Amino acid sequence: MADCGRARPADPDAGDSRTASPLTVKKRAQQSPGLRPKYQSSAPGHCFRRVTLTKPTFCHSCSDFMWGFIGFLCEVCNFMCHEKCLKTLRSACSCMAASLVRVPVAHCFSPAGQKKRFCSVCRKQTEGNTALRCEVCELHVHADCAVFSCADCRSCHLDATLEQDTFHHHWREDNLASAARCEVCRRSRGSSDVLAGMRCEWCGITSHVACYLSVPPECTMGRLRCMLLHPACVRLDSRNFSKMHCYRITESCSHDLDNSDDVDPSAAVCKDGQPAAQDAGKQFLRVFDGDDATKRGHFRLVSISRATRNEEVVEAALRAFYLPDEPQDYELHEIGGVQRLHSDDILNRNGGPDYRSSLKDGADAWLLRAKPRDAEVIKVYAGWPRSGAAFVSVSVSQSSTAASVLTELLSQLDRQDEDASSFNLLEVFMSSKQVQRQTLTPQEKIVDKLQEIRKVSLRQMNQTRFYIVENRKRSVQVDLLIGGLPPLLNKDEYSQLVQEHLTIKSHLVTISHIYASQGAVALQISCFSEAERIYMLAKDTSVSSKTLSSLVIPEIMHNKLGEDVCPLLVFVNPKSGGLKGRELLSSFRKLLNPHQVFDISNGGPLAGLHTFREVPRFRVLVCGGDGTVGWVLGVLEAIRHKLVCREPPIGIVPLGTGNDLARILRWGAGYGSEDPHHILACVDEAEEVLMDRWTILLDAQDISEDGKDNDFLEPPKIVQMNNYFGLGIDAELSLDFHLAREDEPDKFTSRFHNKGVYVKVGLQKISYTRSLHKELQLQVDAQNVPLPNIEGLIFLNIPSWGSGADLWGSEVDSRYGKPSIDDGLLEVVGVTGVVHMGQVQSGMRSGIRIAQGNYIRLTVSKPIPVQVDGEPWIQPPGHIIISAAGPKVRMLRKSKLKQKKSPAGVKDGRSESPSSRDGGH
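Reading the values: the criteria
Residues numbered from 1 in each chain as written. Predicted model: local features only at pLDDT ≥ 70, side-chain atom pairs only at ≥ 80, totals over all residues. Heavy atoms only, no water. Helix = DSSP H or I, 4+ residues; strand = E, 2+ residues; numbered from the N terminus. Buried < 20%, exposed > 50% of the residue type's maximum accessible area, 1.4 Å probe, protein only. Contact = heavy atoms within 4.5 Å. Areas by Shrake-Rupley, 256 points an atom, 1.4 Å probe, with all protein chains shown as cover. Pairing = 2+ DSSP bridges. Salt bridge = Lys/Arg side-chain N within 4 Å of Asp/Glu carboxyl O.

Asks: Quick one: what's the story with the overall build of the protein chain, residue by residue and with numbers?
Replies: Along the backbone of the protein chain there are 18 helices and 48 strands. Within the protein chain, buried positions represent 55% of all 921 residues. Across the protein chain, the fraction of contacts at a sequence separation of at least 24, relative to all contacts at a separation of at least 6, is 71%. For the protein chain, the computed accessible surface area is about 39,500 Å², with 49% contributed by carbon and sulfur atoms.

Put into structure tokens, the structure is as follows:
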């Protein structure tokens, strides 16, 4: 088992069963002549046998090609290596993964895609639709292997249950690129053909398997340290909230994985092929590991010879369930019968002299059970930082209770003077999907508890460990952000709404923040069960025909941030740029702390800004199109008075179609396949610039022919403009494109297709005439400006329009100043039609310069298409006023030195990011 075993004081060779000595193996071979010879290594858990190589193979230890025909294969995890590597092997077997966990943290599984990766459990390729990946760390597994992986994900925040004082490297075995170099010996490290080499998932340094233990244990967080939100600065009391909830990962990513334990039993067969045609000397047994698996029908297929001793059958069953225990501690029970296989039984379906206990046809389902134990040794881990061994071994008998174990533990931990009632014994089940904790009562019998767990599932026992924790009453504080409420209400109205629809308990829940402009409130809850109830109820509640949103918000302890640290708040629109937004979201979660990366489609920008509200200094990175950038700027403007850092500078990763703002800030015309780690390095070195923002007041009124105002047509509305504001033919083309995208959104997944649709709708309007100058009256800085014969009127804030075109032009004109994004002026330009726009796009012409000013007033006599930063609609007649919108915003402009993609920096210890190796997954 993971942390307990049978006590055998009379057997000098019975120490830790996972690292049995060669003498023990020799004794077993003499006692069981039918067993194949096993080869020992210095790494724990492996069960090597000598094999003949029939195809090109690489060593998993040194990643070199294996010349010759002899190799050594682990029968548990399929680890392959040279004979010379057996002596220096440091990589533990998959069956030992649970015992190597420092802090149990569950994974966040989602479909992995089609890229070639290797399963961290069985070490075979994960190509195909059944592969899963963790959204937070670099764990890749097959769907049927996921239940055998344990909770060894990155620890991204402090939890009140288990304390940490330092953060060590989080090593993960990975298939590194051949260019990666070892941090210790500086030799090349890695092969894309095998799972070989170690990588720290925080700082990114790489190392040989034989070298990584020589690296100093404490992690420095690497090149991105200054923008990374250190785990020690984040606190989250999560208890039974899943990691998907804690990291705000949309449930659609894991909708099909909610029952990942419910895999097709046939998937448990060897991945090299199904046993449809069994060879003459083999047979397959269906083996269950406990009552839970029997009830659910979840079994593993075990392949054995037709004449096989029971010890070999039990050993094969243990290997199938990745259990590192001795076969003599287990026995097989036939399902639906009382038949048992004893140590001297031989399975032989052909009958004969050795036939003693056969399997009847159709009766090949067996239950693997642990033999009853009167005494055991359990390993108990300390719930507080301590030097020396990670655990303490305690012998328990039938009479041992949790209270007696605590007394023994305090004695071994040199804390015998303290009262045992001040401590608890905590049972922790380290499932790969969720870490479950249960406090044992002082009278609970330990041996009975172990037998109970084994009866339910042997796999569960292997992933269960015990902790001693101090019995302190910690104050519980869970923060939830509830969105989707009606906007612009007062505190009493919001309190009444929340009480009415969520039936909160007022003595446990307080409203800590109100964002009236966004229709959202932040709740502070002092009870786990109440927080979990409100979280789930809000997702199924609608107010004014709008479904509420509910997000778990971590607490950033800003006083612990280093003076040189300026954490990066990342917003990603996964719907932008086809699938590239989703790829970047996954990559940034792995490169940074997932608590600083937000899916903007899940709760909008408010969730991230509310999380960072008390951080004195931070930067923002927006991954999306111009519309997404405008969305973030709009929310920031609305709530900046609630932030300590009121003007965080904003960088852009262009994922939209036009990306005009990203172009003039040097972030490029669009995101291709740039390494996400390189993007973050560019953000770190970017320079800050100021940019104007403008407020547009749209006052729809019935305008008579003589220009006088009549009745109101609709209430006035105010919008913010960052890039440009267009009326006429330009806005009409945007409106036609917008309507086409709404009809068939699945087709608009690439910039190339989007621009093709723009060309198509433009050709349909090539003979369009409107005489816009007859429908508009223009005033610039209180001066009437006559309009030429034009079909479109555009107001520019930035010198880029329509996917990078220079509409104003570069010609020098003494009447106008040189345009700039922070000059406090708008450029007014006209176009004569679709042909003129096409000429501007191709660089053959520029627009018709009309005026330049900082206060614009338009009178519109007829309904007209308009667009603000690519968002079009039909505007009724009335008045339109454009004026400066308060203080300028701070933007990040990419440094010229970073215009060309630099090679992956060995200096910063990171050879490449996960996304670059995956090709974006």
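Asks: For the sheet that holds strand β4 (residues 80-81), give the residues involved together with the corresponding values.
Replies: If you walk across this open sheet you meet the three strands as β2-β3-β4, and the pairing is antiparallel. Lying at the two open borders of the sheet, with one neighbouring strand each, are β2 (48-52) and β4.

Asks: Summarise the pairing of strand β39 (residues 776-780); cite the residues concerned and give the values.
Replies: The side-chain alternation of β39 yields one buried face, formed by Leu776, Leu778 and Val780, and one unburied face, formed by Gln777 and Gln779. Relative to strand β44 (residues 855-860), β39 is paired through five bridges, and the arrangement is antiparallel. Looking at the pairing, Gln777 lines up with Thr859 of β44. Here β39 runs beside strand β40 (residues 783-785); their pairing, made up of three bridges, is antiparallel.

Asks: So what's going on with the environment of Lys491? Residues and values would help.
Replies: Position of Lys491 among the secondary structure elements: in helix α8 (residues 491-502). Sequence separation between Lys491 and His513 is 22 residues; the distance between their C-alpha atoms is 9.3 Å. Ignoring any residue separated from it by four or fewer positions in sequence, one finds Lys491 in contact with Ile511 and Ile514.

Asks: Could you give an account of the pairing of strand β42 (residues 826-831), with specific residues and numbers?
Replies: By the criterion of burial, β42 is predominantly enclosed, with six of the six residues buried. Side chains Leu826, Val828 and Gly830 project from β42 onto one buried face, and the interleaved Glu827, Val829 and Val831 project onto a second face that is buried too. With five bridges connecting them, strand β41 (residues 792-796) and β42 associate as antiparallel partners. Paired with Leu793 across the strands is Gly830, a residue of β42. In terms of strand pairing, β42 meets strand β43 (residues 848-853) through five bridges, oriented antiparallel. The residue bridging Leu826 from the neighbouring strand is Gly853, located in β43.

Asks: Describe the pattern of salt bridges, with residues and values.
Replies: One pass over the full model with this rule turns up 32 salt bridges. For Arg49, the salt bridge goes to Glu75, with nearest N and O atoms at 2.7 Å. In this pair, Arg49 is assigned in strand β2 and Glu75 in the loop between β3 (70-74) and β4, connecting sequence segments 26 residues apart. Arg172 is paired through a salt bridge with Glu201; the nearest N and O atoms lie 3.8 Å apart. On the criterion of sequence distance, the pair formed by Arg172 in strand β8 (residues 171-173) and Glu201 in the loop between β9 (198-200) and β10 (206-207) is long-range, its members being 29 residues apart. The two residues Arg172 and Glu201 agree in class, both being buried.

Functional significance is not addressed by these values, which are geometric in nature.
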